[in-house]
Structures are given as C-alpha cells and as structure tokens.
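# Residue-level structure breakdown
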Amino acid sequence: MGKREGSGEESLPPLFESRRARFIGLYWVFASTILVGVCLIWVYRVTNIPRAGEAGRWAWIGMLMAEFLFGLYWIITQSPRWNVTYRQPFKDRLSHRYEDKLPGVDIFICTADPKMEPPTLVINTVLSVLSYNYPTEKLSVYLSDDGSSEFTFYALLEASRFAKYWIPFCKKFNVEPRSPEAYFALHSDVHDIKYGQEWLEIKKLYEEMKNRIQSAVATAEILVEIKKQHKGFSEWNLKVAKNDHQSIVQIIIDGRDINAVDNNGCRLPTMVYMSREKRPQQPHNFKAGALNALLRVSSEISNAPFILLLDCDMYANNADSIREALCFFLDEKCGPEIAYVQHPQGYNNLTKDDIYGNECFVVNAVELAGLGGYGTALFCGTGCFHRRECLFGRKYSKDYRGHWNIESQKTIDRSIKELEESAKALISCSYEKGTQWGKEMGLIYGCPVEDIATGLAVQCRGWKSIYYNPERKDFLGVAPNTLDIALIQHKRWSEGLFQIFFSKYCPFIYGHGKIHLGAQMAYCIYLLWAPVSFPTLYYVTVPPLCLLHGIPLFPKVSSLWFLAFAYVFIAKNVYSIVEALRSGSTLKAWWYLQRMWLIRRITSYFFAFFDTIKRQLGLSETEFALTDKVITDDVSKRYEQEIMEFGSANIMYTVLATSALLNFLSLVWGTKRVVMDRHSKALDQLISQVILSGILVLINLPVYQALFIRSDKGHIPSSVMFKSVFLLALACLMPIY
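Residues numbered from 1 in each chain as written. Predicted model: local features only at pLDDT ≥ 70, side-chain atom pairs only at ≥ 80, totals over all residues. Heavy atoms only, no water.

## A word on a nonpolar patch on the surface
A surface patch of nonpolar side chains, amounting to about 310 Å² of accessible area, comprises V36, L40, V43 and W561. With 3 residues, helix α1 (residues 24–47) is the largest single contributor of residues to the nonpolar patch. Relative to the helices and strands, L40 resides in helix α1. (Patch = residues over 30% accessible without salt bridge, like charges linked within 9 Å, V, L, I, M, F, W, Y side chains within 5 Å. Areas by Shrake-Rupley, 256 points an atom, 1.4 Å probe, with all protein chains shown as cover. Salt bridge = Lys/Arg side-chain N within 4 Å of Asp/Glu carboxyl O. Helix = DSSP H or I, 4+ residues; strand = E, 2+ residues; numbered from the N terminus.)

The following block contains the structure:
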C-alpha cells in the first residue's frame with residue numbers, strides 16, 4: 001500500500017506514533033489499595049447485618065447491595081486507566097510522501113430541523129470544511145436535511161456563492177477557525193487584523209449573506225427571483241412536509257466542472273444537498289438512516305475512500321484535521337488495519353467553569369484514550385473519519401492493504417441530472433427493504449446511539465480504531481446551555497447505551513473473543529449509566545431517612561472499620577481532583593461535574609432505565625430527542641453567569657427537589673441530634689450520615705436557590721416545590737425496616 005519506488009515499507013518512518021501514559025504502574029498500586037478498601041467495606045456489610053427484627057435491617061441490606069454495585073462499577077472504570085495511550089500524527093511526513101496522490105474525502109453533515117438547528121448554524125459548519133487545507137478537487141461535502149426545508153437548501157446555495165470568496169481568503173491568510181461566525185467572533189476588531197481591507201470586505205459579504213438567510217427564515221418566504229436562480233427550488237413546488245416528501249438530491253457545485261472555481265481560479269469542492277424520501281408510517285431510523293442514505297448517494301457521485309461524519313453544529317476548528325487523520329490511515333505498517341479515527345467532542349460556548357459538565361475533561365483525556373489504547377476507540381457519531389469499506393461491512397483480513405491511492409471514481413461522462421436521478425433511487429423508502437442496510441451494512445438501526453453499536457460491530461469484524469485528542473480541538477460544537485437540554489440529551493444517550501447492553505451487541509457477548517476484555521469492560525462504563533442510577537438514588541435517600549430516625553448505617557468513628565470507608569472516600573475524591581486538574585479542568589469545574597453526575601444519575605439515567613425496560617417489553621418504541629440549539633437572551637445571560645437554568649415543571653426536577661429537601665431536613669435534624677446528645681453516642685454513630693447529608697446539601701445549593709430565592713424565569717416552579725414537599729412528607733412518615 002502506497003510504497004515509494006525503490007524503497008520498502010520498513011525504511012519509511014511512521015506517519016504516527018503511539019505513547020502510553022506515564023506512571024501507570026504506580027497507579028495500579030494506588031488503585032489496588034482502593035480495591036482493598038472496597039473489599040473491606042463489603043466484608044463489613046456482610047458480617048454486621050442487623051439481626052431479624054432490629055431496626056434498619058433491610059436498609060442495611062440495601063446499603064450492602066448499593067455498595068457492592070458501586071464497587072463493581074468502580075472496578076469497570078479502571079479498565080481504560082490501565083492502558084491510556086496518546087497518538088501523535090506527523091503531517092509533514094504525509095505531505096512529503098503522498099502530497100501528489102492524496103485520497104478523496106467525502107464529508108457528511110446532518111441536520112434535522114431548521115428551527116432547532118438554524119440554517120446559518122448549518123452553513124457555518126459547511127463553510128468550515130469547504131475551506132480545509134486540502135486539495136479542493138478531492139473534497140466533496142454532502143448535507144443531509146431530514147427536515148426537508150427549502151430554507152436550508154437556500155442557505156446552502158448562498159454558502160456555495162460565499163465560498164468563492166471565503167475559501168481563498170482562508171487559505172491566503174491561513175485564518176483559524178474557518179467557520180465565519182466563529183472567526184469573526186474571535187476577531188471582532190479590524191485594528192487587530194493586518195489584512196484589514198480584505199477582512200472588512202469578506203465580513204461585509206458574510207453579514208449580507210447571513211441577513212438574507214435570516215430574513216427569508218423570519219418571513220417564511222423566498223423571493224421568486226431567487227427561486228429562479230436554481231432548478232432545485234422546483235422540488236418544493238410539490239407537496240413537501242417534514243415527514244412526507246419525495247427524494248431530493250441536488251448537486252449545487254459539481255467538482256468535475258473545470259469552470260466551477262473560486263475567485264482565485266482554483267477548483268471548488270463538490271457540494272451536494274440531499275433529503276431522503278419520507279412517508280408517514282414508514283420507519284426512517286433517525287440519524288442512522290440519514291447517514292446510510294448519504295453513504296449510498298456519495299458512492300454514486302464521488303465515492304471517496306475516506307469519510308468524515310459531522311453534526312451540523314460541529315464546525316472544523318483545525319484546517320489540517322484531514323491531513324492529521326490520514327496519517328493514521330496511510331501509515332504503511334498500521335494504517336491498513338484502522339477503520340476509523342475518532343476525535344473528542346469540544347465546545348465553543350462553555351462557561352468559565354463548565355457549569356453543566358459538558359466538556360468531560362477526564363473522559364476525553366483518560367477514559368476514551370484508554371479505550372483507544374486497546375484499539376477500540378468509541379465511535380461517537382461526530383468528528384469521526386471512516387474508511388468507507390468498513391462502513392459497507394467489509395471484514396478485516398491480514399492481507400488487506402487498502403485501496404486509497406486510486407483515481408477518483410466520479411463518473412465524468414454522466415451529467416448532473418443523470419447523477420441526481422440515479423442517486424434519488426438510492427434513498428427511497430423502499431430501497432433498503434430486504435437488504436443488509438442497518439444490519440451488516442452502514443450504521444446499525446434500532447438504537448438511539450447507533451454510533452456506539454456501529455463502532456463495536458466494526459471492531460468485532462477485526463478492525464482497529466484510533467482515538468486522537470490533539471491540543472487544539474479539531475471540532476467545536478454547541479454545548480447544552482440549560483439544564484433541561486443537558487438532561488434530555490443524557491437521557492437519550494443513557495437509554496440508547498443501556499439498550500445496547502440488553503441487545504446482541506452487549507460487549508461481553510458480541511465482543512467475546514473479538515476485542516480485549518479490558519475494552520469490553522470499558523464499554524460498560526457508559527452502557528451501565530442507567531442502572532447505576534439505582535445505588536446512587538438509594539444513597540441519597542435512605543441514609544438521610546435513617547438519620548431522621550436515628551438509625552446508624554455506617555461504622556462508629558471509633559471503629560477500625562471506619563478507616564476503610566474514610567480511605568476509599570478520600571482517596572477516590574483526591575485522585576479524581578488530581579486527574580481532573582491534569583486533564584485541563586479546574587477545581588470549580590470538577591465540583592460542578594460532581595453535581596451534574598449526581599443530577600444525571602437520579603434524573604436522566606433513572607428515567608432512561610425505565611424507558612429502556614418498557615422498550616424491551618415492547619411497550620414503547622425508540623424515539624430520538626433532538627436538542628435545541630436556540631435560546632433566548634435572558635437564558636444566555638444566566639448561562640454566562642453560571643446560574644443553573646430550571647424554568648419548567650419537568651418531572652425530573654421533582655425527583656431532584658425532593659432529594660435536595662430530604663437531605664437538608666436530614667442535615668438539620670441530624671446535627672441537632674448529634675449536638676444534643678450528652679453521651680456522644682450519636683456523634684460516634686451518626687456523624688458519617690451527617691457528613692453525607694452535608695455534602696449533598698452543598699451539591700444541591702443551586703436547587704435551594706431555585707426553589708426559595710430566585711424570582712427569574714429560570715427558577716423551579718411552585719408546582720414542583722409542592723409535589724416535592726408532599727413526597728418528602730410521605731417519605732418521612734414511612735417506617736424504616
């Protein structure tokens with residue numbers, strides 16, 4: 001594969017290197033001490049179960065089960081930490097070796113709703129990838145519009161015209177990032193720009209284009225003279241509704257056309273708009289169905305050997321990211337076995353300390369890097385480069401050498417109309433019937449997180465995958481900026497992940513003998529988010545209830561058993577802080593993340609568990625909850641001030657508020673009991689539960705503010721507070737067995 005003449009593969013320096021994290025052996029020793037502490041806690045629980053008839057016997061047994069599950073889950077979380085591996089590509093070597101024969105790359109971007117994902121947001125992602133530092137004649141950009149909106153099509157048409165100015169501007173001045181909106185937000189003052197005049201001109205062109213698009217969306221009308229400028233608008237002369245319309249494929253820029261050039265006379269990339277056919281009562285399989293349709297359409301038009309998948313809100317933040325990814329694929333020794341290269345998800349709208357825990361510093365820097373160390377990087381659905389053959393179901397064989405260094409497969413002798421018509425037939429509702437699409441070919445159907453299942457299936461066919469986390473994030477998107485959106489997103493993820501655990505794609509079954517045991521365990525860190533909600537919910541409700549009744553659930557402070565509990569708690573949290581700080585987080589961001597993990601577990605993950613069970617029993621069907629990318633100014637202002645946004649009567653808030661009120665009451669009553677006890681028995685027996693409630697009260701401070709202090713629209717509604725008080729009263733009146 002790709003040998004240089006007169007030189008063997010062995011003489012070529014590698015295009016990337018892999019480096020394991022330092023001090024892993026030392027961490028094993030430290031983790032072993034925590035494991036000993038966990039085992040001692042289990043022994044204590046088993047050997048000190050209250051006798052039949054004693055108060056708190058069943059609460060104690062529940063604590064045993066909760067701590068046993070916590071311990072098992074902690075053991076699972078160690079698996080990626082045993083094999084943290086970092087990758088470094090050498091793009092200069094790639095350019096020196098393959099510059100004249102770089103492969104074609106197809107870029108897929110998906111959007112589903114023009115209201116929740118505004119067209120201006122979508123085209124900024126499109127423009128950022130059109131202007132990559134890569135031969136434009138080898139780039140093809142495909143937009144899948146599952147909303148089938150003529151405004152999205154119009155925005156893409158406007159973007160194709162603006163690209164004639166934007167692409168040469170970016171390459172001439174090597175600007176970063178190459179999303180116009182992000183670029184002009186970072187460079188808002190012309191005095192900071194050396195190329196001021198050209199900057200002003202391009203900014204004016206961008207603002208004019210943006211205003212035209214927003215005006216069309218606001219008035220819900222595209223002018224007749226604009227519609228006459230492109231034949232594609234005729235598709236909307238028919239009856240077109242979001243879930244009831246014909247196949248639409250429009251080649252907006254034909255990369256084969258030598259006359260399709262930018263203002264510098266350089267060839268433009270191919271640009272294609274696609275909206276697959278949808279009919280009522282016909283399953284469309286959400287994002288997986290859209291991506292599979294893109295696979296077929298692109299194979300008809302450009303058929304590039306490598307594919308980049310992006311969400312419409314995830315713009316390219318590094319102009320060389322294609323070259324960096326190709327270093328992994330084109331490496332002579334390891335490249336042929338690599339199916340995909342996954343980048344972490346980064347965000348451009350995080351608050352200073354990431355109030356909703358979106359960035360996941362430790363997950364990105366440690367856990368995902370550990371999974372990548374096993375050659376089983378998670379496929380996360382966006383920011384991922386794929387080898388086309390792998391997505392089409394090809395199994396890996398040792399004699400496979402790759403077929404990337406071939407001429408483009410574009411059909412030069414076919415007209416645009418012929419290509420469009422042949423592509424339309426591939427995305428009809430009936431095309432996939434009786435085929436292996438969604439099973440052995442393309443992305444897997446039947447799960448809200450089709451990306452994870454698809455990645456696992458690819459790995460079980462013998463392929464390796466790479467996780468690459470560069471210092472400069474290659475892709476940046478829009479993070480949830482309200483608690484509602486954040487919880488809905490995590491509910492969808494955890495529900496889909498738990499469905500995988502129940503399905504034939506469970507790593508311990510499907511991956512047995514195919515991927516490393518450590519990788520199987522690491523997958524389950526995420527697949528088991530939903531069931532871990534139960535021990536968490538138990539821990540935040542039963543100990544404070546027992547504290548109200550004066551029932552101890554932890555060893556006395558004077559007992560040696562107390563040391564095991566104290567050591568595990570302190571060691572885990574101290575290391576968690578160190579790990580977060582080393583991963584680029586801050587102490588305050590770490591604290592916010594602990595709050596969000598608690599909130600997610602007792603709300604999103606808890607409800608996701610039951611929704612998954614209902615689906616397994618056939619009582620409900622899989623749904624895809626799209627997260628809104630548009631918020632009001634007052635919500636945005638509170639987000640920037642790091643004030644948590646509630647503002648609705650979501651049932652999840654009832655659970656959250658009830659838990660917060662219970663722990664506050666428990667802390668007050670428990671403190672009174674400890675202080676008033678003259679013989680200090682309560683201090684010795686109950687102080688652990690008092691401390692636990694105190695920590696939970698500190699975590700829930702924003703909840704108390706939203707319940708009792710705040711008057712803005714982001715507060716928790718009174719109806720939620722009344723329901724929570726009622727549930728709290730019921731819980732306190734319940735006997736503890």
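## Digging into helix α15 (residues 483–502)
Compared with the 28 Å implied by 1.5 Å per residue over 20 residues, the 28 Å span of α15 between its first and last C-alpha is a close match. Counting buried residues along α15, 16 of its 20 residues qualify, which places the element largely inside the surrounding structure. (Expected span 1.5 Å × (residues − 1). Buried < 20%, exposed > 50% of the residue type's maximum accessible area, 1.4 Å probe, protein only.)

## Structural notes on helix α4 (residues 119–130)
It helps to recall that an α-helix has 3.6 residues per turn; residues three or four apart then point in one direction. Between the first and last C-alpha of α4 there are 16 Å, a value that for 12 residues agrees with the 16 Å anticipated at 1.5 Å per step. Here α4 lies mainly inside the structure; 11 of its 12 residues are buried. For α4, the full list of buried residues reads P119, T120, V122, I123, N124, T125, V126, L127, S128, V129 and L130.

## Considerations on the nonpolar core
Counting residues in hydrophobic clusters, the biggest one holds 76 residues, and the most contacted among them are F108, V249, V297, I500 and Y526. When residues are assigned to domains, this core turns out to be shared by domain 1 (89–406 + 414–479) and domain 2 (511–733), each giving three or more. In this structure, V297 is in contact with Y142, V249, M274, A423, L426 and I427, ignoring residues within four places of it in sequence. Residues Y132, L143, M314 and F475 belong to the second largest nonpolar core, which totals 73 residues. (Core = buried A, V, L, I, M, F, W, Y, C linked by side-chain atoms within 4.5 Å. Domains from an automatic or database assignment. Contact = heavy atoms within 4.5 Å.)

## Concerning the pairing of strand β5 (residues 248–253)
Burial of β5 is extensive: 6 of the 6 residues sit out of reach of the surface. Bridging between β5 and strand β6 (residues 270–275) involves 5 bridges; their strand directions are antiparallel. By the bridge assignment, I248 is partnered in β6 with S275. (Pairing = 2+ DSSP bridges.)

## Let's talk about the UniProt feature "active site" (unreviewed entry) in the protein chain
Feature annotation in UniProt assigns "active site" (unreviewed entry) to the following positions: D146 and D451. By the element assignment, D146 lies in the loop between β4 (139–145) and α5 (150–173). With residues near it in sequence (within four places) discarded, D146 still touches T111, A112, K242, R276, K278, F286 and A290. As for its placement among the helices and strands, D451 is situated in helix α14 (residues 450–460). Here D451 is in contact with F379, C380 and G381, once residues within four sequence places are set aside. Within polar-contact distance, the side chain of D451 engages the backbone nitrogen of G381 at 3.3 Å. (UniProt positions renumbered as here; feature names shortened; annotations may be inferred. Polar contact = N/O pair within 3.5 Å; in protein donor to acceptor, adjacent residues only side chain to side chain.)

## Digging into the UniProt feature "binding site: Mn(2+)" (unreviewed entry) in the protein chain
Residues given the UniProt feature "binding site: Mn(2+)" (unreviewed entry) here are K287 and D311. The annotated residues occupy 25 residues of the chain but converge on a single region, no pair of C-alpha atoms lying more than 9.9 Å apart. Looking at K287, the relative accessible area reads 16%, which means it is buried. Every residue in contact with K287, bar those within four places of it in the chain, is listed here: D311, G381 and E450. On the secondary structure map, D311 appears in strand β7 (residues 306–311). The exposure class of D311 is partly exposed, given its relative accessible area of 22%. Those residues in contact with D311 that lie beyond four places of it in its chain are I109, C110, T125, K287, G381 and T382.

## What to know about the sheet that holds strand β10 (residues 346–347)
Ordered by their spatial adjacency, 3 strands build an open sheet running β8-β13-β10, and the pairing between neighbours is mixed. What marks the edges here is a single partner per strand, and that holds for β8 (315–316) and β10. Of the strand pairs in this sheet, β8 and strand β13 (residues 475–477) are connected by 2 bridges, and their pairing is antiparallel. Each residue of the ladder has a partner; that of Y315, found in β13, is L476.

## Some thoughts on empty space enclosed by the protein
Enumeration over the complete set of coordinates arrives at 2 cavities of 30 Å³ or more. Size it by volume and the largest cavity reaches roughly 70 Å³. D354, G357, C360, F361, V362, A580, S585, A589, W590 and L593 together form the lining of the largest cavity. Mapped by element, the contributors of at least two residues to the lining of the largest cavity are α11 (361–373) and α20 (587–602). The leading source of residues in the lining of the largest cavity is α20, at 3 residues. A per-class count over the lining of the largest cavity returns 7 nonpolar, 2 polar and 1 charged. (1 Å grid on protein atoms, 1.4 Å probe; cavity = no way out; pocket = protein on both sides within 12 Å on 5 of 7 lines; lining within 4 Å. Points joined across faces, edges and corners; volume = space filled by probe spheres on them. Nonpolar A, V, L, I, M, F, W, Y, C, P; charged D, E, K, R; others polar.)

## Quick word on the pairing of strand β3 (residues 105–111)
For a regular strand, side chains alternate in direction, first toward one face of the sheet and then toward the other. Summarising burial for β3: 7 of the 7 residues are buried, a large majority. In β3, alternate side chains face the same way, and those of V105, I107, I109 and T111 on one face and D106, F108 and C110 on the other are all buried. As judged from the 7 bridges shared by β3 and β4, these two strands associate in the parallel manner. Each residue of the ladder has a partner; that of V105, found in β4, is L139. For the segment spanning β3, α4 and β4, crossover handedness is right-handed. The sheet contact formed by β3 and β7 spans 6 bridges and is parallel. The residue bridging V105 from the neighbouring strand is F306, located in β7. (Right-handed = clockwise from strand over helix to strand, strands pointing away.)

## Details of the side chain of E277
Tracing the sequence through the fold places E277 in the loop between β6 and α9 (286–301). Among the polar contacts listed, one links the side chain of E277 to the backbone nitrogen of C429, at a separation of 2.9 Å. Sequence-distant contacts of E277, defined by excluding residues within four places in its chain, comprise H245, Q246, S247, I427, S428 and C429.

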